[in-house]
Amino acid sequence: MTHVPAGWERLEATFLVIDINGWSHIVRALGPDPAAAAALVDTFWEKAEAQVKLRDGDIYSWQGDALLAAYRGDPVARAERALETVQAVHAVVHDEIQPACAARLRLTMHAARARREHVWASSALQFSVSSAVTDGTAVAVPRSDGRRRTEELTGHCVNLAFALVEEVTPERTGVEAQVHALLRRHGSRHLERFGPMDEKVLQLAYGETVPYYEGRPPTAPLPPEERLSVTGRPGSSSVPDRSSSRRDRALSLKVAPPSQVGA
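Residues numbered from 1 in each chain as written. Predicted model: local features only at pLDDT ≥ 70, side-chain atom pairs only at ≥ 80, totals over all residues. Heavy atoms only, no water.

Can you help me understand the overall build of the chain in this one?
In terms of helices and strands, the chain carries 5 helices and 8 strands. In the chain, the proportion of contacts linking residues at least 24 apart, taken out of those at least 6 apart, comes to 74%. Counting only carbon and sulfur atoms, one obtains 53% of the accessible surface of the chain, whose full area is about 13,000 Å². (Helix = DSSP H or I, 4+ residues; strand = E, 2+ residues; numbered from the N terminus. Contact = heavy atoms within 4.5 Å. Areas by Shrake-Rupley, 256 points an atom, 1.4 Å probe, with all protein chains shown as cover.)

Below is the structure:
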């Protein structure tokens, strides 16, 4: 196994990426003032961050319109916590963010028509997310620009999560086949919440093919014991914040084959 220098961290984890679909189109449709889009996405990320931390996940990156989180611990339990987060975040989108975005788009369309300007928005446009779940080894390398500290994650499983979320159908979730098989083998009921899942194959740029399963997360409200409260889940450990500001978090994706990470 390759030596990891002091200050670096090797972690075995389940990785979750949540990506906003068509965010550039939404930003354009919300009008020339970027504050409207900024307020909408800030509200979403605040709620998504709360759901990740409620389930003891660590947020490593806010890369544009995508979030990267890691869940540690027992392989089955960490995968289940990632899927719980997926369900919770998709429910927040359905119940809160989509209606707020639709209302704002209607106001923008009305104002543009009143000024006889081109209308970029459409009644068919809506706020939605896709998500991807993978598992494996990554290395966290601390970085500092003199004002703040961040951590960069390097690992095939991290790259795979970002590649997978780009492939997944909007409003659906892609689960790496090995994670799906692990949960099936242990009789986890978390997969049942996603209904029938389609088996698919992701073709990576360098020739590797990766099987995965795609399903639609339920948008029904979570059971009371899984809902977010002000104090969080009783008995849950506090999750260390990896940066003074979530807007300062950054990720450098370094394409590394599996043999170079954890080998």
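How do you make sense of the confidence of the model for the chain when you look at a structure like this?
Low pLDDT means the predicted atomic positions in that stretch should not be read closely. In this model, the chain carries a mean pLDDT of 80, and residues with pLDDT of at least 70 account for 76%. Confidence drops under pLDDT 50 across residues 227-263; counting only partners more than four residues distant or on other chains, this segment forms 83 contacts. (pLDDT = per-residue confidence, 0-100.)

Looking at this model, I keep getting lost on helix H2 (residues 34-54). Mind explaining?
Side chains of residues three or four places apart in an α-helix project in the same direction, reflecting 3.6 residues per turn. Here H2 is 21 residues long and its end C-alpha atoms lie 30 Å apart, about the 30 Å a rise of 1.5 Å per residue gives. All buried positions along H2 are accounted for by Ala 36, Ala 37, Leu 40, Val 41, Phe 44, Trp 45, Ala 48, Glu 49, Gln 51, Val 52 and Leu 54. In this structure Asp 33 caps H2, since a side-chain oxygen of it lies 3.0 Å from the backbone nitrogen of Ala 35. Among the residues trailing H2, Asp 56 stands out with phi positive, at a value near 60 degrees. (Expected span 1.5 Å × (residues − 1). Buried < 20%, exposed > 50% of the residue type's maximum accessible area, 1.4 Å probe, protein only. Polar contact = N/O pair within 3.5 Å; in protein donor to acceptor, adjacent residues only side chain to side chain.)

So what exactly am I meant to see when it comes to helix H5 (residues 177-185) here?
Among the residues of H5, Ala 177, Val 179, His 180, Leu 182 and Leu 183 are the ones counted as buried. Just downstream of H5 lies Gly 187, where phi reads positive at about 65 degrees.

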